[in-house]
Amino acid sequence: MSEPTVADTRRLNSKPQDLTDAYGPPSNFLEIDVYDPQTIGVGRNRFTTYEVRMRTNLPIFKLKESCVRRRYSDFEWLKNELERDSKIVVPPLPGKAFKRQLPFRGDEGIFEESFIEERRAGLEQFINRIAGHPLAQNERCLHMFLQEESIDRNYIPGKVRQ
């Protein structure tokens, strides 16, 4: 009979960390902020847009910094595209708030500051969860959403090549 093998439990040799390593830029990062909501239009043509700012050093993204304006329907478009064309589980968007859109309300409905801030935070969480997924980072629709001024809804779905 052969001797039982023993797993090698020695520690890997790692170099000591210096201040540059500890406080330098992270090796890979992706930061996305949704901020500066602005309500545009009047009456039934009124809507809110949000600025979506991205900073990254991931090689898959052609731009390392971008800033675009998006409205809630653009986030819905991205969610639908990813659900249709990718193999990832897409997180939910913050709710549509149908009751806040009813006429004859005593408040501003979906244009009330507290609602806009709550939605902004939900949209930021949504886009960060999606963009942080390695498979979603290859999707052309995500790149268009984050980096192009306008969304071409007639684009050809597919993967991004590095």
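Before reading further, recall that the structure is shown in the block above.
Not measured: the values here are computed from a predicted model.

Within the structure shown, the criterion is met by 3 aromatic pairs. Taken together, a centroid distance of 6.4 Å and an interplanar angle of 65° make the contact between Phe75 and Phe126 edge-to-face. On the criterion of sequence distance, the pair formed by Phe75 in helix H2 (residues 72-85) and Phe126 in helix H3 (residues 113-131) is long-range, its members being 51 residues apart. Looking at Phe75, the relative accessible area reads 0%, which means it is buried. Assessed through its relative accessible area of 1%, Phe126 is described here as buried. For the pair Phe75 and Phe145, a centre-to-centre distance of 4.9 Å together with 70° between the ring planes defines the contact as edge-to-face. Taken together, the positions of Phe75 in helix H2 and Phe145 in helix H4 (residues 140-147) put the pair 70 residues apart, joining distant regions of the chain. Here Phe75 matches Phe145 in class, with each residue buried. Here the aromatic cluster, defined as three or more aromatic residues joined through ring pairs, consists of Phe75, Phe126 and Phe145. Positioned over the ring face of Phe145 is Arg70, at 5.4 Å from the centre of the ring. We note Arg71 situated over the ring of Phe47; from NZ or CZ to the ring centre the distance is 3.7 Å.

Our next topic: the packing of H2 against H4. Interaxial distance between H2 and H4 falls to 9 Å at its minimum, and their mutual angle equals 165°. Regarding the angle of H2 to H4, the classification is roughly antiparallel. Judged by the sense of rotation from one axis to the other, the crossing of H2 with H4 is left-handed. For the pair formed by H2 and H4, the contact residues are Asp74, Phe75, Trp77, Leu78, Glu81 and Leu82 on the first element and Cys141, Leu142, Met144 and Phe145 on the second. Here the residues of the contact of H2 with H4 are counted per class, giving 8 nonpolar, no polar and 2 charged.

Here is what the cut-offs are and how they apply
- Residues numbered from 1 in each chain as written.
- Predicted model: local features only at pLDDT ≥ 70, side-chain atom pairs only at ≥ 80, totals over all residues.
- Heavy atoms only, no water.
- Phe/Tyr/Trp six-rings, centres within 6.5 Å; stacked < 30°, edge-to-face > 60°.
- Helix = DSSP H or I, 4+ residues; strand = E, 2+ residues; numbered from the N terminus.
- Buried < 20%, exposed > 50% of the residue type's maximum accessible area, 1.4 Å probe, protein only.
- Lys NZ or Arg CZ within 6 Å of the ring centre and 35° of its normal.
- Axes fitted to C-alpha atoms, helices over the stretch in contact; angles between N-to-C directions.
- Parallel < 35°, antiparallel > 145°, perpendicular 65-115°, else oblique.
- Left-handed = near helix turned anticlockwise from the far one by under 90°.
- Contact = heavy atoms within 4.5 Å.
- Nonpolar A, V, L, I, M, F, W, Y, C, P; charged D, E, K, R; others polar.

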